[in-house]
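# Structural overview for review
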Amino acid sequence: MASVTFKHITKKFGDFTALDDLNIDIIDKEFLVLVGPSGCGKTTALRCLAGLEEVSDGEVLIGDKVVNDIPPKDRDIAMVFQSYALYPHMSVYDNMAFGLKLRHIPKDEIERRVEESAKTLGIEHLLKRKPRELSGGQRQRVAVGRAIVREPKVFLFDEPLSNLDAKLRVQTRAEISKLHHRLQTTFIYVTHDQTEAMTMASRIAVMNKGILQQLDTPQTLYDKPNNQFVAGFIGSPAMNFFPAKLKKEDSTLFADCGAFSVKIPDEKFSTYAPHAGKEVIFGIRPEDVHNPEYVPVGIHAAPVEAKVEVTELMGNEIFLYLVSGASYIARVDPRTRFTFGQHVQVMFNMDNFHIFDPSVDKENPIAIR
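Okay, so let's go over this structure. What you are looking at is a predicted structure, and each value in this text was computed from that prediction instead of being measured.

Glancing now at the sheet that holds strand β5 (residues 65-66). Each strand in a sheet pairs with its neighbour through backbone hydrogen bonds, running either in the same direction (parallel) or in the opposite one (antiparallel). Spatial ordering of the open sheet is given by β2-β1-β4-β5, a layout of 4 strands whose pairing is antiparallel. One side of each edge strand has no neighbouring strand; the edge strands of this open sheet are β2 (16-26) and β5. Sheet analysis places strand β1 (residues 4-13) next to β2, joined by 7 bridges and oriented antiparallel. Across the sheet, F6 pairs through a bridge with I24, a residue of β2.

In structure tokens form, the structure reads like this:
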């Protein structure tokens, strides 16, 4: 078992900076997820840790040992790739045992490890089959099993579920989480899917353009995003954003979004009053926009007039695509009977709104707290 540290890691490809001064301390036995859009640097970070890419600056540590100059095979890590990378001419057993044979592990020890790993993953009945005889989910389990048999200090997963269908992704996601609890080993997992990140991680590192945006628990990222990028990336559907201006009238503060204005609750007045008169970004999540008939008890609800553009019945909820000056999404009670083109009133939960200040960084405004 081992901790992992990215210490001021920079990685350049010519003039392009893929990682810019990345600093992450990953605790022993932690399940850390690197998440972000394509090209954000998450896979590059994983490859630098694995030794598949040479860092331009900084240090990678596994435990207390700097591994920059240590070959990949000697870093005591195992990696599961997006493509299963199985040998098509070998059986499942031989695919799982191949790396151990190269290390001249005794035959009886190889058998023990393969059989234990296969049992853990529920593929013991597939050991004699070839990869072409397996489903996508079974192939992915074999790829994971091949990593498990090595009994490494650190497991690396590079978008391992992206080739699976939606139902199988959910199932395999749960299996990987259970596997982490059983093995009690450090897991580092790369994905662009924030749902995977939220459901699996003990902590999430949100990245964009090679820069770490925020590192925290899933719930903290959801409740207290540091900036507009994190707020928009974490949560599905994404947070709604409105250009706004904070207006102060005596001891009352409003977020004026042009087509509508909502009152800031009195208990939050002192937080936002110093920014009165500023142009800001007002953010609210779809789940905090309610049908007036089904507003939760005890919240500060602000009415907003809207026009319905699209309704999507999801069974347990309805997605409403609304327009109130700008377009946005609401997740409302499934009993809602709003229809296309209807002018309606919705209620914003003003206990859970967010305000972002673009004065420092227009591209990625920071949260005001």
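A word on unusual backbone geometry. Geometrically, the link from S236 to P237 is a cis peptide bond, its omega value of -5° lying close to zero. Examined against the element boundaries, P237 turns out to sit in the loop between α8 (228-233) and β11 (240-249). If you check the backbone angles, D21 has positive phi at about 55° while not being a glycine. With respect to the helices and strands, the residue D21 is situated in strand β2. Located in the positive-phi region is E159, a residue other than glycine, with phi close to 45°. Structurally, E159 is set in the loop between β7 (154-158) and α5 (166-183).

Attention shifts here to the nonpolar core. If you look at the biggest cluster of nonpolar residues, it comprises 44 residues, and the most contacted ones within it are M96, Y189 and V206. The biggest single contributor to this core is helix α4 (residues 136-148), with 5 residues. Residues contacting M96, with those up to four places away along its chain left out, are V114, S117, A118, I123, L127, V142, G145, R146 and V149. C257, A302, I318 and L322 belong to the second-largest nonpolar core, a separate cluster that totals 32 residues.

Turning to the pairing of strand β8 (residues 186-191), a few remarks are in order. Within β8, 6 of the 6 residues are buried, which leaves it mostly tucked inside the rest of the structure. In this structure, strand β3 (residues 31-35) lies alongside β8, joined through 5 bridges in parallel fashion. Counterpart to L34 in the pairing with β8 is V190. Across 5 bridges, the pairing between β7 and β8 is parallel. Bridge pairing in β8 places F155 opposite F187. Between β7 and its parallel partner β8, the chain crosses via α5, and the hand of that crossover is right-handed.

In this section: the sheet that holds strand β14 (residues 279-284). Across the sheet, which stays open at both edges, the 6 strands sit in the order β13-β12-β11-β14-β20-β21 with antiparallel pairing between neighbours. Every interior strand has two partners, whereas the edge strands, β13 (261-263) and β21 (366-367), have only one.

Below, the discussion takes up helix α3 (residues 107-121). Look at α3: 21 Å from first C-alpha to last across 15 residues, which is about the 21 Å you get at 1.5 Å a residue. Buried within α3 are the following residues: I110, R113, V114, S117, A118 and L121. The arc enclosing the buried residues of α3, seen along the axis, measures out at 125°, which places them on a common side. Exposed residues lying more than 90 degrees from the buried face of α3 are D108 and K119. As for α3, its buried residues are in contact with α2 (92-102), α4 and α5. Positive phi shows up at G122, right after α3, with a value of about 70°.

Further remarks concern the side chain of T336. Relative to the helices and strands, T336 resides in the loop between β18 (326-332) and β19 (343-349). The exposure class assigned to T336 is buried, which follows from its relative accessible area of 4%. Within polar-contact distance, the side chain of T336 engages the side chain of N291 at 3.0 Å. A polar side-chain atom of T336 sits 2.8 Å from the main-chain carbonyl oxygen of D333.

Cut-offs applied
Residues numbered from 1 in each chain as written. Predicted model: local features only at pLDDT ≥ 70, side-chain atom pairs only at ≥ 80, totals over all residues. Heavy atoms only, no water. Pairing = 2+ DSSP bridges. Helix = DSSP H or I, 4+ residues; strand = E, 2+ residues; numbered from the N terminus. Core = buried A, V, L, I, M, F, W, Y, C linked by side-chain atoms within 4.5 Å. Buried < 20%, exposed > 50% of the residue type's maximum accessible area, 1.4 Å probe, protein only. Contact = heavy atoms within 4.5 Å. Right-handed = clockwise from strand over helix to strand, strands pointing away. Expected span 1.5 Å × (residues − 1). Arc of directions from axis to C-beta. Polar contact = N/O pair within 3.5 Å; in protein donor to acceptor, adjacent residues only side chain to side chain.

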